[in-house]
Amino acid sequence: MASLLFFSLWGFEGSLALALETARRGVFDGLELNIRHPALLGDGDAPGRLRDAGRPLVLEVVTGGGYVPDLAWSPAQHLRELGERLDACAPLDPHRVTVLTGSDAWPFELQRDFLAQALALVGRTGLAVSFETHRSRCLGMPWTIASLLDALPDLRLTADLSHWCVVAERLMTPDLAPVQAMADRVDHIHARVGHAQGPQVSHPFAPEHGEALAAHLACWRLFTDRALERGALPPSFTPEFGPDGYMPTLPFTDRPVADLLEINTAMADWLRNTLRRADGDKMCSH
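Definitions and limits used
- Residues numbered from 1 in each chain as written.
- Predicted model: local features only at pLDDT ≥ 70, side-chain atom pairs only at ≥ 80, totals over all residues.
- Heavy atoms only, no water.
- Helix = DSSP H or I, 4+ residues; strand = E, 2+ residues; numbered from the N terminus.
- Rg over C-alpha atoms; globule rule 2.2 N^0.38 Å.
- Buried < 20%, exposed > 50% of the residue type's maximum accessible area, 1.4 Å probe, protein only.
- Contact = heavy atoms within 4.5 Å.
- Areas by Shrake-Rupley, 256 points an atom, 1.4 Å probe, with all protein chains shown as cover.
- 1 Å grid on protein atoms, 1.4 Å probe; cavity = no way out; pocket = protein on both sides within 12 Å on 5 of 7 lines; lining within 4 Å.
- Points joined across faces, edges and corners; volume = space filled by probe spheres on them.
- Nonpolar A, V, L, I, M, F, W, Y, C, P; charged D, E, K, R; others polar.
- Axes fitted to C-alpha atoms, helices over the stretch in contact; angles between N-to-C directions.
- Parallel < 35°, antiparallel > 145°, perpendicular 65-115°, else oblique.
- Left-handed = near helix turned anticlockwise from the far one by under 90°.
- Polar contact = N/O pair within 3.5 Å; in protein donor to acceptor, adjacent residues only side chain to side chain.

*Asks:* I tried to follow the overall build of the chain on my own but got confused; where do I start?
*Replies:* A tally of regular secondary structure across the chain gives ten helices and eight strands. For 286 residues, the compact-globule estimate of 2.2 N^0.38 gives 19 Å, and the chain sits close to it at 18 Å. Of all 286 residues assigned to the chain, the portion counted as buried reaches 53%. Taking all contacts inside the chain whose residues are at least 6 apart in sequence as the whole, residues at least 24 apart take part in 74%. When the accessible surface of the chain is totalled, it reaches about 12400 Å², and 52% of it is carbon and sulfur.

Structural data, given as structure tokens:
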């Protein structure tokens, strides 16, 4: 069983047609993009273009006014926007929707009750939805994830461990309790490599970041193995190295130290050849 690999449109400034062509030329099976991405909003024939391309799609839904939620937003406002964004996803028939919602500023009980309401909303859509372990959100803190998962047995996850590296100021490894707690809930993975002081290394294959890459890979293997053990499909992956302060830049010039498309394509190719079952069978095949 092969893990699907998705081309992230975070930082991509071309058209939807060019994105599909870029994915086709590379090693990607489909696209991942925000439901409000300009490439999607600016293409009047987006549903038809995506349908004709025949490639799976992961859509991203963000509530709270942006990737860092406005602290003034109430749970009711988040839920209302979540419902509106999920309604916009449905006509595009996505393979999966990954959701960033809620706020880490809320008390635990409020986060738990909010996520229960969000899951009820998701359940009415018929969409495959997973909630991302993203900083500033309800799942942004590794040390509370077990309690939330215990309270919400239907909560599925998009794992982005790079965020937890920053929050906890340490690499995430399979022996840590939060990683073990989430291992059976992961359906999708954002394959970005973080480190103890930031959500993105300069280049995942630079030797100085070998320990960080190995730690992330060990966790991704755990999530994949757990899925196969319970008879499920392996998690899908999106190499998600991005701009917006994630990519280190050279001083005085603000020039990025590496090329996003090159890094994400190299990561996708590496994943295809690296993620294997314990018996050596390939987990990813083109």
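Having seen it, we continue.
*Asks:* Honestly, the layout of surface pockets in this entry has me stumped. Any pointers?
*Replies:* To find the voids left in a structure, one rolls a probe of water-molecule size over its atoms. Volume-wise, the largest pocket comes out at about 440 Å³. Every residue lining the largest pocket is counted, 26 residues in all, and those nearest its centre are Trp10, Asn34, Glu60, Tyr67 and Asp244. It is strand β2 (residues 30-34) that provides the largest number of residues to the lining of the largest pocket, a total of three residues. Within the lining of the largest pocket, the residues separate by chemical class into nine nonpolar, eight polar and nine charged. For the second largest pocket, the calculated volume is near 200 Å³. Taken together, 13 residues make up the lining of the second largest pocket; nearest its centre are His95, Asp187, Leu233, Pro234 and Ser236. When grouped by side-chain class, the residues that make up the lining of the second largest pocket number seven nonpolar, three polar and three charged.

*Asks:* What should I look at first to understand the packing of helix α9 (residues 210-229) against helix α10 (residues 260-274) in this one?
*Replies:* Packed helices, taken two at a time, are described by the angle between their axes plus the distance between the axes. For the pair α9 and α10, interaxial distance at closest approach is 13 Å and the crossing angle is 55°. When the axis of α9 is compared with that of α10, the two are oblique. Note that α9 runs across α10; the crossing there is right-handed. Judged by residue contacts, Leu213, Leu217, Trp220 and Arg221 of α9 engage Met267, Trp270, Leu271 and Thr274 from α10. Among the residues making up the contact of α9 with α10, the classes are represented as six nonpolar, one polar and one charged.

*Asks:* How should I be thinking about the environment of Glu132 in this particular structure?
*Replies:* Locating Glu132 in the fold gives a position in strand β5 (residues 129-132). Separated by 24 residues in sequence, Glu132 and Arg156 have C-alpha atoms that sit 8.8 Å apart. Not counting residues up to four positions away in its chain, the partners in contact with Glu132 are Glu60, Thr98, Val99, Leu100, Leu139, Thr158, Asp160, His163 and His190. Of note is the side chain of Glu132, whose polar atom sits 3.3 Å from the side chain of His190.

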